[in-house]
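# Observations on the three-dimensional arrangement
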Amino acid sequence: MCRLIEQQGWKAIRFPVLEIQARDLSALDSQHIQEIEQYQHVIFVSVNAINFALPLISGKMECLQKISCIAVGKASYQALQAHGVRDVLVPQLGFNSEAILAMPEMQDMQGQSCLIIRGAGGREFLADNLRKHGARVDYLEVYKRVIPVSDSGLIGEYLRHKALAAILIYSGDALRNLLQMLAKEDIKKNLLHTPVLVISQRVRDLAKKIGFKNIIIADEASDAAMINAILKEEQHG
């Protein structure tokens, strides 16, 4: 993303607001891994889910090859392919839970079992709707998101001088962490008046609830779509 921004002649300021860490597995998590062959569908919600889960599943990779593996988006699809998982389904339109639920393979789920591999604390929309379609759904939560320890002084200076053209946000967790990391009252007003570019209506609604005044929504959750949204905003501005 930063490289794409810089290719436009703009300056990219890197300010990570999420740190991804491995999560300690429970006895139930370990059981799901040991019995992974019982599932008809294994759904990987992100590249992080793949990178943290596959080393844990390594002894069961042969079983995984016989299961319907589903990747939420293109990056996850490519990551599974790189790890040698051959037959991977991916939604043709959209990179979210709604797109997975729209797939033909997900319509008749009566008696099917699904394992959703994700980070701790994700939303319940996908599992709830799969269960409504008759599926049994389990989770394997292999990582957690924490607020990184970092110096926010540089970003604070940019905000004090109203020098940020836009803030790019990829998730609700990232938005909440940003607010917490930049909680100083003398910059909060400028923060909320800085244009924020988000990936979905759901994150847009959260940004509006928090108090952001200028919210831009990308057409989809991809770097190219984020760049296109910035270009459109620049043309209209």
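In this report, the structure presented in the accompanying data block is examined. Owing to the predicted nature of the structure, the values given are computational and were not obtained by experimental measurement.

### Structural notes on the overall build of the chain
Counting its regular elements, the chain contains twelve helices and nine strands. In terms of overall dimensions, the chain is globule-like: its C-alpha atoms have a radius of gyration of 20 Å, near the 18 Å expected for 237 residues. Principal axes of the C-alpha set define a box for the chain whose edges measure 55 × 35 × 35 Å. Residue burial in the chain is summarised as follows: out of 237 residues, 43% are buried.

### A closer look at the pairing of strand E2 (residues 41-44)
Along any regular strand the residues' side chains alternate between the sheet's two faces. Along E2, one buried face is formed by His41 and Ile43 and the opposite face, lined by Val42 and Phe44, is buried too. Note: E2 against strand E3 (residues 68-71), four bridges, orientation parallel. Bridged to Val42 within E3 is Cys69. Pairing geometry for E2 and strand E5 (residues 113-119), over four bridges, is parallel. In the sheet register, Phe44 faces E5, and the bridge partner there is Ile117.

### A few points about unusual backbone geometry
It is generally the case that most residues other than glycine have a negative phi and that most peptide bonds are trans. One non-glycine residue, Lys162, adopts positive backbone phi at about 50 degrees. For Lys162, the position within the fold is in the loop between helix H8 (153-160) and strand E7 (167-168).

### Topic: the sheet that holds strand E1 (residues 19-22)
Taken in spatial order, the six strands of this open sheet run E1-E6-E5-E2-E3-E4, and their pairing is mixed. Either end of the sheet is taken by a strand with one partner, and the two such strands are E1 and strand E4 (88-89). Both E3 and E4 contribute to a ladder of two bridges, which runs parallel. Note that in E4 the partner of Cys69 across the bridge is Val88. Against the sheet, helix H2 (residues 27-34) makes contact with E5 and strand E6 (136-146), and its axis sits at roughly 120 degrees relative to E6, the strand it touches most.

### Focus on helix H11 (residues 201-210)
Buried within H11 we find Val203, Leu206 and Ala207. All buried residues of H11 project into a common sector of 100 degrees when viewed along the axis, lining one side. Looking at H11, the residues exposed on the side facing more than 90 degrees away from the buried face are Lys208 and Lys209. Looking at the buried residues of H11, the elements they touch are helix H9 (172-181), strand E8 (196-198) and strand E9 (215-217).

### Re the sheet that holds E8
Judged by pairing direction, the sheet is parallel, and its three strands sit side by side in the order E7-E8-E9 without closing on themselves. The open sheet has two edge strands, E7 and E9, and neither has a second partner. As paired elements, E7 and E8 share two bridges and run parallel to each other. Bridge pairing links Ile167 to Val196 in E8.

Here is what the cut-offs are and how they apply
- Residues numbered from 1 in each chain as written.
- Predicted model: local features only at pLDDT ≥ 70, side-chain atom pairs only at ≥ 80, totals over all residues.
- Heavy atoms only, no water.
- Helix = DSSP H or I, 4+ residues; strand = E, 2+ residues; numbered from the N terminus.
- Rg over C-alpha atoms; globule rule 2.2 N^0.38 Å.
- Buried < 20%, exposed > 50% of the residue type's maximum accessible area, 1.4 Å probe, protein only.
- Pairing = 2+ DSSP bridges.
- Contact = heavy atoms within 4.5 Å.
- Axes fitted to C-alpha atoms, helices over the stretch in contact; angles between N-to-C directions.
- Arc of directions from axis to C-beta.

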